[in-house]
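Here are the chains, one letter per residue:
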Amino acid sequence: MAEQLRYDGQVVVVTGAGGGLGKAYATFFASRGASVVVNDLGGSFKGEGNDSKAADVVVNEIKAAGGKAVANYNSVEDGDKIIETAIKAFGRIDILINNAGILRDVSFKNMKDVDWDLIMKVHVKGSYKCARAAWPHFRKQKFGRVINTASAAGLFGNFGQANYSAAKLAMVGFTETLAKEGAKYNIISNVIAPIAASRMTETVMPPDVLALMRPEWVVPLVAVLVHKNNTSESGSIFEVGGGHIAKLRWERSSGLLLKCDDTYTPGAILKKWNKVTDFSDPQYPSGPNDFLTLLEESQKLGPNEQGEKIDFTGRVALVT
Ligand code: NAI
């Protein structure tokens, strides 16, 4: 039989573990030897109310099966209290799965501050607060694993989800930076855009499709990414669900380089627009362009095409 990935002696915090994906993570890690903090505020999927039952049910299930788990009912906005629960109950924290989430879907035309703020609080501030509280422990023990949860809506946009997509793409930048800052301390961070049947998706997808998207089928990828043997895959974005796993990356066009002088005009850009959008010879960058080299190269170029005049004095140009 193939060797199992195991997490004995490790402590896993799963936020929003009272149902859906979070519950699947929690029960899995407990079954593989980890001690699990089952965090859930127990509110509605719109972020209203709270109820300790959501976390308790999962903790009881894990315990009844012989696993180790403890409940925490705080909102992820108070992430320090969630990590404190891990330290108090089990003395450490090794793996953080930032999973808790809500929806406040509404067309942008009708979006209110409360819809925007609540989504930012739960997804962005919540993930920050949990990771921030875990960070000193990770650094000290030179081990930490973080999973943040993005969404296809964040990567590609989606009608009615301006708030949610902004928050979910924030998880990508957040993860990329944590990966860079954590590298020296063996802190590995990755971000997933999952797709799974849960109370979030059950109202927008038909039952036969939902049956093919079990939350349990997101777990194995996460298990691989947070395992101690993964020491290199960090700062990465994955789509995962229904048996499919793919890594996404940035792609940069070969790009247009113009001379930076007074021939650098809107018309000069338009003249060569195809170069801006030409992906026939792409780069797959993990960082910004080598800006200093580009500056040097730009200076070596001759004047740009398109004899339009440009000035920044505010004087209204004559129509030519
Ligand atoms: P779910 O609604 O079943 O689970 C989310 C859990 O988070 C709930 O149990 C809820 O009580 C808890 N929660 C909400 N606000 C909280 C707070 N402030 N503090 C603590 N717990 C809180 O939904 P699902 O589908 O399992 O979602 C898990 C994550 O995956 C979310 O971040 C969601 O945005 C993301 N996601 C899910 C997709 C899917 O297809 N199900 C698609 C893309 C992203």
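Treat the numbers as computed from the prediction; the structure is a model and nothing was measured.

A. Representation of a nonpolar patch on the surface within the structure. A cluster of nonpolar side chains, Phe 291, Leu 292 and Leu 295, forms an exposed patch at the surface whose accessible area comes to about 330 Å². Mapped onto the elements of the fold, Leu 292 is located in helix α11 (residues 291-300).

B. Here's a closer look at the site of the ligand. Around the ligand, 30 residues are found, and the nearest of them are Asp 40, Asn 99, Tyr 164, Ser 198 and Arg 199. At 2.8 Å, a backbone N or O of Asn 99 approaches an oxygen atom of the ligand. The residue makeup of the shell around the ligand, split by class, is 12 nonpolar, 15 polar and three charged.

C. Examining the packing of aromatic side chains more closely. Within this structure, the stated rule accounts for three aromatic pairs. Between Tyr 7 and Phe 28, the ring centres sit 6.1 Å apart and the planes meet at 70°, which makes this aromatic pair edge-to-face. Here Tyr 7, found in the segment before β1 (11-14), pairs with Phe 28, found in helix α1 (residues 20-31); they are 21 residues apart in sequence, far enough to count as distant. For the residue pair Tyr 7 and Phe 28, the accessibility class agrees, reading buried in each case. Residues Phe 28 and Phe 29 carry aromatic rings whose centres are separated by 5.1 Å and whose planes lie at 75° to one another, so their mutual orientation is edge-to-face. The residues Phe 28 and Phe 29 share a single accessibility class, namely buried. Over the ring of Tyr 284 we find Arg 249; its NZ or CZ atom is 3.5 Å from the centre of that ring.

D. Examining the environment of Asp 80 more closely. Mapping Asp 80 onto the fold places it in helix α3 (residues 79-90). Residue Asp 80 is classed as partly exposed on the basis of its relative accessible area, which comes to 39%. Residues Asp 80 and Ala 179, 99 residues apart in the sequence, show an inter-C-alpha distance of 21 Å. Apart from residues lying up to four places away in sequence, Asp 80 is in contact with Lys 129 and Ala 133.

The rules behind the values
- Residues numbered from 1 in each chain as written.
- Predicted model: local features only at pLDDT ≥ 70, side-chain atom pairs only at ≥ 80, totals over all residues.
- Heavy atoms only, no water.
- Patch = residues over 30% accessible without salt bridge, like charges linked within 9 Å, V, L, I, M, F, W, Y side chains within 5 Å.
- Areas by Shrake-Rupley, 256 points an atom, 1.4 Å probe, with all protein chains shown as cover.
- Salt bridge = Lys/Arg side-chain N within 4 Å of Asp/Glu carboxyl O.
- Helix = DSSP H or I, 4+ residues; strand = E, 2+ residues; numbered from the N terminus.
- Near = heavy atom within 4 Å.
- Polar contact = N/O pair within 3.5 Å; in protein donor to acceptor, adjacent residues only side chain to side chain.
- Nonpolar A, V, L, I, M, F, W, Y, C, P; charged D, E, K, R; others polar.
- Phe/Tyr/Trp six-rings, centres within 6.5 Å; stacked < 30°, edge-to-face > 60°.
- Buried < 20%, exposed > 50% of the residue type's maximum accessible area, 1.4 Å probe, protein only.
- Lys NZ or Arg CZ within 6 Å of the ring centre and 35° of its normal.
- Contact = heavy atoms within 4.5 Å.

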